[in-house]
Amino acid sequence: MAQADIDEGLYSRQLYVIDHDAMRRMGKADVLIAGMRGLGVEIAKNVILAGVRSVTIQDEGVVQWRDLSSQFYLKEADLGQNRALCSEKQLSSLNVYVRVSAWTNKLDEDFLSKFQVVVLTNSPLEEQLHVGAFCHSNNIKFIVADTRGLCGQLFCDFGESFEVRDTNGETPVSAMIAHISKDNPGIVTCTDEESHEFTDGMFVNFSEIQGMTELNSYGPIEIKVRGSYSFSICDTSNFSEYVKGGVVTEKPLNVALDEAIRDPGLVEMTDYGKTQRHLSLHLAFQALHRFTQKYSRAPHPRSQAGAEELVAITKELCKDAKFDELDEDAVRQLSLVASGDLAPVSAFIGGLAAQEVVKACSGKFTPLRQWLYFDALECLPQENDGVLSEDACAPRDSRYDGQISVFGSAFQDKLKKQNYFLVGAGAIGCELLKNFALIGLGAGEGGNITVTDMDSIERSNLNRQFLFHSKDIGRLKSEVAAESVKEMNPYMNITAHQNRVCPETEEVYTHSFYSNLDGVAAALDNVDARVYLDQCCVRNKKPMLEGGTLGSKGHTLVVVPHLTESYGPSTSGGQKAIPICTLKNFPHRIEHTLQWARDQFEGLFKQTAENVNNFLSDPTFVDRTVARGDVEAVEILEGVYRILGEEWPQNWADCVSWARRQWETLYNNQIKQLLHCFPRDQVTSSGLPFWMGAKRCPDPLTFDTNNTTHMDFIVAAANLYGQIYGITGSRNRADIQSILQGIKVPEFTPKSSVKIAVTDQELKEENEERKEEDKVKLEMLKEKLSKLQLKDQSFRMHPQEFEKDDDSNFHMDYIVATSNLRAENYNIPTADRHKSKLIAGRIIPAIATTTAAIAGLMCLELYKLVQGHQKITSYRNAYINLATQYFVLSQPCVAPTYTVILSEFFFYFPINTKNLHSCEMFSSNLRFIYNFIKINNAYGIYSKKLFYTLMED
């Protein structure tokens, strides 16, 4: 697949997670996913969105009631029909570039040999061992994924020859070698530039060693860390003497399933507070397979007899494995929920499994080594909620049977009555809505989901926002999302809004609105919006679920009033501001030139055009502009006068002429002026060279019509300039070059009177010094503008709103050319269109796998909120990185507590509401305490769980 064949409009956000080369490799991969229950369809959905060549879904089984609890493409009308066939059409619609087909027969070796990756879901151990052995011996990447109620399992075997081309998307784990001893074991000493990052049990490869060359071809070697700069390896006593050089690099080692199943050391942790539990689950899942083989079913829901039998089977396995720290309670709980099928668990394990498929197809990121277990058993009812009975969890021929078997029918009724507010219907919002529909949140009498999102659907959304399709482009996200989940679950009560949640919409989202809610879910893409929504939840005492992603990384946060810490105010300032003087005259990174290009775009093609329109339509515009200060007013009014006067183009040739003069000004004249003010041999007052360190000495450019980047600028700038005046442009470079030949560019002579500020403080001081000069300029501009006469009084300009995803609008063409020419001035490495788009467009890298996993974790916290869990130990915040199997599920921070001492005197408190302005209170009266708490509530302090201690004077 050539780079041009990659649909960057569709995959734009994913390409910043998985590069073009990895995407090409994925585009050649054929994947088999066996089992089309909730977990299988979740994996298939994510893999199809990622963009492999083909996905074959296999299932011999038919649709049952319990499948509807987690399989979002099955309907009640599908009961009794084959699961794969029922899912094929809708999976096919997710990505036109991926061939999707269904297979309803058994898996045999001839069939398996057609694929590069094979995934088994919810399959018996006997089948896993047979298929795993075949795949391992035939260099087919093999993945096993399974969910049982609140527990999940994942296994990967990518074979012995699998090559990881990029371990984590960042810096590969490796070290330079200083010495290797001839010993048993051999001791490897790394250079002392920085400590190595290896850990005990890792396998490594050696390369580029001189002398002890045997290690270069030895293959993966297990290491044992001895210190920050050394580790031991195999017996090197019979090897050649080490001379110099060498690199050591981590090498993931995969063993076949039949061997890996006996090695609990290959279990990856997802919650470090549950290490022993996960090692116990490794054996308990094997015991569950034995139980199922014996009875042809999983243990009955809440069956104590079944639980004890599973514990007994697991104990037998413990003897063989010589494991004596079995968590019997975890095994019992697994048995009690094993017949369940939960959408959030399928979403989490399905997201992880699909990411492993992406790794297998692309060589991008480090594969799982090799087992992973996950449980959310803390979601179960707490002790004081009573014990669930077998009858309460028995199947009812309901679409929620898979969930009822875990939590009981009463909890299901409670879920249906919930009223939740979802803010955001983008990637995480779509996944949350899918989960809400499957679990039945708000799907009963009195229940409702309100979803709001002001954005419309764009093509780039389709790669990860799976509720939307090509036919929906241009429609409002919230409306389409609501329609889609109604198709998944026709009993859903859902209301779509198109509002931003902000201070301007507080008349819509009032205290009364929040009072009717049971909770809020935040699926937002910026910190400021999260902070504001958190404040609303704190003010109205509502729990909040929050999650976000950045490529393969993601986080979740649960906020419980009076129990956990809230999201709180933003502690980072967001994106760090670049000093103005750095942008204007002293850039030294491509980020600086790209920001400068964005500023040029906004100033030339948006802000000035908007100012002109305001001037033409608002008689008070000049006075309002003057009120903003002389410096800003001069800049704005000069732009208005210039664009309505001397620079007004009459035709397309004038637009090209303007672009050519603009090029000369930006890349030649301004650089010559800068070098005139600060010559190459300039020294500072300290005697040091002025042009050193971050200050790169620039070079003026000479325009050349044969230079592609030069012409890119002219074509884009001329067309954009024509667009704001309503003049039709052209892409014909031959015609444009012909026009350029007739343009005479004025000679430029640097002026000694010009001062250039080196720092922002100097710039501020210069502006102060120019105050009188600006006042004179301002009066002249006001007089000139008052005398302007337009031939067409109805004329209005067409400001350009920057849109990075439309390749036909010249916006990114202009940004890339403008930035790279600036970079050429300052000898800064240029950036291609892909990287430029990421930085200038402030794009957040995204992939469907991470989004699905994060939404799954958020909905597991939702289970706890709906049940009303009051122990903070039940809740989990999560930080994950699917690229490196980094999972931290931790207990939320406790809400800070305060002791407030009240004494006999007046208190005056400003109230941050529209209704109250101040309050005078006495501590001698109970009313005082009531008002004191009320005031603190208005500030949101109650979320910190204040404790009030009254002390008598």
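Numbering of residues starts from 1 in each chain and follows the order in which that chain's sequence is written. Per-residue local features are limited, in this predicted model, to residues with pLDDT of at least 70; the limit for side-chain atom pairs, both in listing and counting, is 80 or more; totals at the level of whole chains, interfaces and linings are taken over all residues. Only heavy atoms go into the side-chain values, all of them from the structure, while hydrogens and water stay out.

A. Layout of the overall build of the protein chain. A tally of regular secondary structure across the protein chain gives 30 helices and 27 strands. Considering only intrachain contacts with a sequence separation of at least 6, the fraction spanning at least 24 residues in the protein chain is 72%. Here the Shrake-Rupley method, with its probe set to 1.4 Å, supplies the accessible areas, and only the displayed protein chains count as covering residues. Carbon and sulfur atoms make up 48% of the accessible area of the protein chain, which totals about 41,900 Å². Secondary structure is summarised from DSSP: a helix means a run of H or I of at least four residues, a strand means a run of E of at least two, and numbering begins at the N terminus for each. Contacts are assigned to residue pairs that have any heavy atoms within 4.5 Å of one another.

B. Here's a closer look at the sheet that holds strand 8 (residues 187–190). In this scheme, strands are said to pair when DSSP sees at least two bridges between them. Pairing within the open sheet is antiparallel, and its 7 strands lie in the order 10-9-13-7-8-12-11. One side of each edge strand has no neighbouring strand; the edge strands of this open sheet are strand 10 (221–222) and strand 11 (224–227). Judged from the 3 bridges that link them, strand 8 and strand 12 (residues 230–232) form a sheet pairing that is antiparallel. Residue pairing across strands places Val188 opposite Phe231, the latter belonging to strand 12.

C. Summary view of the UniProt feature "transmembrane region" (unreviewed entry) in the protein chain. UniProt positions are given in the numbering used here, feature names are shortened, and annotations may be inferred rather than shown by experiment. Mapped onto this numbering, the UniProt entry annotates "transmembrane region" (unreviewed entry) at residues 843–863. Segment residues 843–863 splits into 76% helix and 0% strand. End C-alpha atoms: 33 Å apart.

D. The arrangement of the pairing of strand 7 (residues 174–180) in detail. In terms of strand pairing, strand 7 meets strand 13 (residues 247–250) through 3 bridges, oriented antiparallel. Looking across to strand 13, one finds that Met176 is bridged to Val247. Taken together, strand 7 and the strand that follows it, strand 8, pair antiparallel across an intervening segment of 6 residues.

E. Up close: the pairing of strand 19 (residues 519–522). Only protein chains enter the area calculation, which uses a 1.4 Å probe; residues under 20% of their type maximum are buried, those over 50% are exposed, and those in between are partly exposed. Residues Gly519 and Ala521 line one face of strand 19 and the alternating positions Val520 and Ala522 line the opposite face, and both faces are buried. Two strands pair when backbone bridges link them, and strand 16 (residues 419–423) and strand 19 are joined in this way by 4 bridges, in the parallel orientation. Bridge pairing in strand 19 places Leu422 opposite Ala521. A right-handed crossover is one whose linking path, passing over the helix from the first strand to the second, runs clockwise when the strands point away from the viewer. Once you follow strand 19 into helix 17 (residues 527–540) and on to strand 20 (residues 544–550), the crossover reads as right-handed.

F. Geometry of helix 28 (residues 833–840). Of all the positions in helix 28, only His834, Ser836, Lys837 and Ala840 are classed as buried. Projected down its long axis, helix 28 shows its buried positions confined to an angular sector of 165°, all on one face. Against helix 2 (20–26), helix 19 (590–617) and helix 27 (811–825) lie the buried residues of helix 28. The positive-phi residue at the C-terminal boundary of helix 28 is Arg842, with phi of around 50°. Our arc is simply the arc of the directions from the helix axis toward the C-beta atoms.

G. Seen up close, the environment of Arg399. Structurally, the position occupied by Arg399 is in the loop between strand 15 (371–375) and helix 12 (401–407). Counting along the chain gives 333 residues from Arg399 to Arg66, while the straight-line C-alpha distance between them is 6.2 Å. Look past the residues within four positions of Arg399 in its chain and what remains in contact with it is Trp65, Leu68, Ser69, Glu76, Met488, Asn489, Pro490 and Tyr491.

H. Just the packing of aromatic side chains, in detail. Pairing of aromatic rings covers Phe, Tyr and Trp, the last counted by its six-membered ring, and requires centre-to-centre distances within 6.5 Å; plane angles under 30 degrees mean stacked, over 60 mean edge-to-face, and any other angle means tilted. All told, the structure shown has 43 aromatic pairs when counted by the stated rule. Geometrically, the ring pair formed by Phe601 and Tyr814 is tilted, given 6.3 Å between the ring centres and 55° between the ring planes. Of this pair, Phe601 sits in helix 19 while Tyr814 sits in helix 27, placing them 213 residues apart in sequence. According to the relative accessible area criterion, Phe601 is buried, its value standing at 0%. Ring centres 5.1 Å apart and planes at 85° place the aromatic pair Phe690 and Trp691 in the edge-to-face group. Of the two residues, Phe690 and Trp691, both sit in the buried class. Placement of a positive charge over a ring is assigned whenever Lys NZ or Arg CZ falls within 6 Å of the ring centre and within 35 degrees of the normal to the ring plane. Over the aromatic face of Tyr295 sits the side chain of Arg297, whose NZ or CZ is 5.2 Å from the ring centroid. Lys695 extends its terminal NZ or CZ atom over the ring of Phe690, reaching a point 5.5 Å from the ring centre.

I. Just the packing of helix 19 against helix 27, in detail. Lines fitted to C-alpha atoms define the axes, with helix axes restricted to the stretch in contact, and inter-axis angles between N-to-C directions lie between 0 and 180 degrees. Direction vectors running N to C along helix 19 and helix 27 enclose 130°, while the axes themselves pass 8 Å from each other. Here helix 27 runs oblique to helix 19, going by the angle between their axes. In this structure, helix 19 meets helix 27 at a crossing whose hand is right-handed. Only His811, Tyr814, Ile815, Thr818, Ser819, Asn820, Arg822 and Ala823 of helix 27 make contact with helix 19, whose side of the interface consists of Ile590, Thr593, Leu594, Trp596, Ala597, Arg598, Gln600, Phe601, Leu604 and Phe605. Broken down by class, the residue content of the contact of helix 19 with helix 27 amounts to 10 nonpolar, 6 polar and 2 charged. Should an angle lie under 35 degrees it is considered roughly parallel, over 145 roughly antiparallel, and from 65 to 115 roughly perpendicular; all remaining angles are considered oblique. Should the near helix be turned anticlockwise from the far one by less than a right angle, the crossing is termed left-handed; should it be turned clockwise, right-handed. Charged means Asp, Glu, Lys or Arg here, nonpolar means Ala, Val, Leu, Ile, Met, Phe, Trp, Tyr, Cys or Pro, and polar covers whatever is left, Gly included.

J. View of the sheet that holds strand 18 (residues 494–497). Judged by pairing direction, the sheet is mixed, and its 8 strands sit side by side in the order 18-17-16-19-20-21-22-23 without closing on themselves. The open sheet has two free edges, formed respectively by strand 18 and strand 23 (886–890), since each of these has just one partner strand. Here the average twist between neighbouring strands, direction ignored, is 10°. Bridge count between strand 20 and strand 21 (residues 553–559): 7 bridges; the pairing is antiparallel. Opposite Leu550, over in strand 21, you have Lys553 as the bridge partner. Together, strand 16, strand 17 (448–452), strand 18, strand 19 and strand 20 form the strand contacts of helix 14 (residues 427–439), whose direction differs from that of strand 16 by roughly 160°.

K. Looking closely at the pattern of salt bridges. Salt bridge criterion: a side-chain nitrogen from Lys or Arg within 4 Å of a carboxyl oxygen from Asp or Glu. Within this structure, the stated rule accounts for 41 salt bridges. A salt bridge links Arg13 to Asp805, with the shortest nitrogen-to-oxygen separation between them at 2.8 Å. With Arg13 in the loop between helix 1 (8–11) and helix 2 and Asp805 in the loop between helix 26 (771–786) and helix 27, the pair connects residues that are 792 residues apart, well separated along the chain. Asp813 is the partner of Arg833 in a salt bridge, and the nearest nitrogen-oxygen pair spans 2.7 Å. Taken together, the residues span a long stretch of sequence, with Arg833 in helix 28 and Asp813 in helix 27 at a distance of 20 residues. Counted as one network, the salt bridges with shared partners bring together Arg37, Asp59, Asp67 and Arg83.

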